[in-house]
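As a plain string of letters, each chain reads:
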Amino acid sequence: MAIIISVAVQKGGVGKTTTVVNTAHALAKYEDQHVLVVDMDPQHNSSMVLGKVTPYEQPRSVINLFEDKTMNFSACAVPSKYKNVDLIASHIDLFGLGESLGPSNPKGIVALKSKLDSGALEKYDFILIDCPPNLGGPFLNNALVISDHYIIPVESESYFALKGMQQFQESVSVIKETINPNLELLGVLITMFDPRTNASKAMVDAIRNYFGHSKVFNTIIHRNTAINKANMLRQAVCHLDTRTPGCQNYRTFAAELLEWTKRIHK
Ligand SMILES: Nc1ncnc2c1ncn2[C@@H]1O[C@H](COP(=O)(O)OP(=O)(O)O)[C@@H](O)[C@H]1O
Ligand SMILES: [Mg+2]
């Protein structure tokens, strides 16, 4: 039975997409897992990296999930570039769809619930959802409504990294209290760590104190140019070069993620 995890926080540029792409790839490549990535961000960055074709050329996308009554997760998933990683791509038209999914439209919050077919739940070990950087928007809400867990990436380079965290947790609480009581924070992933700066080290302590040590993954993703290069070349970092620290970090993280979820979903 698939474990569904949203990678989400309202801040942009903190490593959500990078985490989704590279965790999916490492889970499939090194941990023998079957993974579906759902790109819910209209900016479609994970679709660009994982797709065999550009998001514009994909036969089906997240749009079909929302707009087409006959479509479910299995029908919209296509194979990605990588073995055992499938993709439901995003589409630039999601921007327009997001505007029409206002608060008065019931699709605005639970459109995807009925689309999760048993075929997809059985086929995949993990469904990872790449969320847009917003607070309470329709795509984020739809993702959280169907998720077992969410992961918050927090960059350790910025003194403002924890700013807005309370609002984010509060907006997640609304979903948890009203529609999805199962929704739990799986963990916080520290990203963009630079061991040479005292600021980064101080932020790691601040993040662990804020969330509690048991809620912060032991793996820390370091700032590593190979990660940026892999994104630019539209590749997973472990596909680009397995010797890079970026690959080592995401490989370790995938193993830790698997261990944490196994502990919860025995
Ligand atoms: N660990 C890292 N080291 C170096 N660059 C990174 C790292 N993680 C992400 N990046 C870069 O930072 C930018 C933002 O990352 P991204 O994953 O797109 O964030 P988000 O999805 O939260 O907006 C991208 O240019 C990406 O290549
Ligand atoms: Mg992103």
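Whatever comes next refers back to the structure up there.
Right, let's walk through the structure included here. (Residues numbered from 1 in each chain as written. Chains lettered and ligands numbered in written order. Predicted model: local features only at pLDDT ≥ 70, side-chain atom pairs only at ≥ 80, totals over all residues.)

## Structural notes on the site of ligand 1
The condition that has to hold: Nearness rests on one distance test: the residue's C-beta atom, set from the backbone, must lie within 6 Å of the molecule or strand. In this text, helices come from DSSP runs of H or I with a minimum length of four residues, and strands from runs of E with a minimum of two, each type numbered from the N-terminal end. Amino acids are sorted into nonpolar (Ala, Val, Leu, Ile, Met, Phe, Trp, Tyr, Cys and Pro), charged (Asp, Glu, Lys and Arg) and polar (every other residue, Gly among them).
Taken together, 17 residues lie around ligand 1, and Lys16, Thr17, Thr18, Ile227 and Asn231 are the ones closest in. Those elements that provide at least two residues to the shell around ligand 1 are helix H1 (16–31), strand E7 (184–193) and helix H11 (225–232). Residue composition of the shell around ligand 1, by class: five nonpolar, 10 polar and two charged.

## Considerations on H11
Under the convention used in this document: Labels follow a simple rule on C-beta atoms placed from the backbone: if 20 or more others lie within 10 Å of a residue's own, it is buried; if 12 or fewer, it is exposed; otherwise it is partly exposed. Each C-beta atom gives one direction from the helix axis, and the arc is the one those directions make. Throughout, a residue-residue contact means that the two C-beta atoms, derived from backbone geometry, are no farther apart than 7 Å.
Among all positions of H11, only Ile227, Ala230 and Asn231 are buried. Across the axial projection of H11, the buried residues extend over an arc of 100°, all falling on one side. Away from its buried face by more than 90 degrees, H11 exposes Thr225 and Met232. Each element contacted by the buried residues of H11 is listed here: H1, helix H2 (45–50), helix H12 (237–240) and helix H13 (245–264). Phi for arginine 234, located one or two positions after H11, is positive at around 55°.

## What about the sheet that holds strand E6 (residues 149–155)?
Going by this rule: Pairs of strands are assigned from DSSP output, requiring at least two bridges between the strands.
Taken in spatial order, the eight strands of this open sheet run E3-E4-E2-E5-E1-E6-E7-E8, and their pairing is mixed. The open sheet is flanked by strand E3 (78–79) and strand E8 (216–222), the only strands paired with a single partner. As judged from the five bridges shared by strand E2 (residues 35–39) and strand E5 (residues 126–130), these two strands associate in the parallel manner. The residue bridging valine 35 from the neighbouring strand is phenylalanine 126, located in E5.

## Digging into unusual backbone geometry
Of note, asparagine 84 is a non-glycine position whose phi angle comes to about 65°, a positive value. Along the chain, the position of asparagine 84 falls in the loop between E3 and strand E4 (85–88).

Don't take any of this as a statement about function, it's just geometry.
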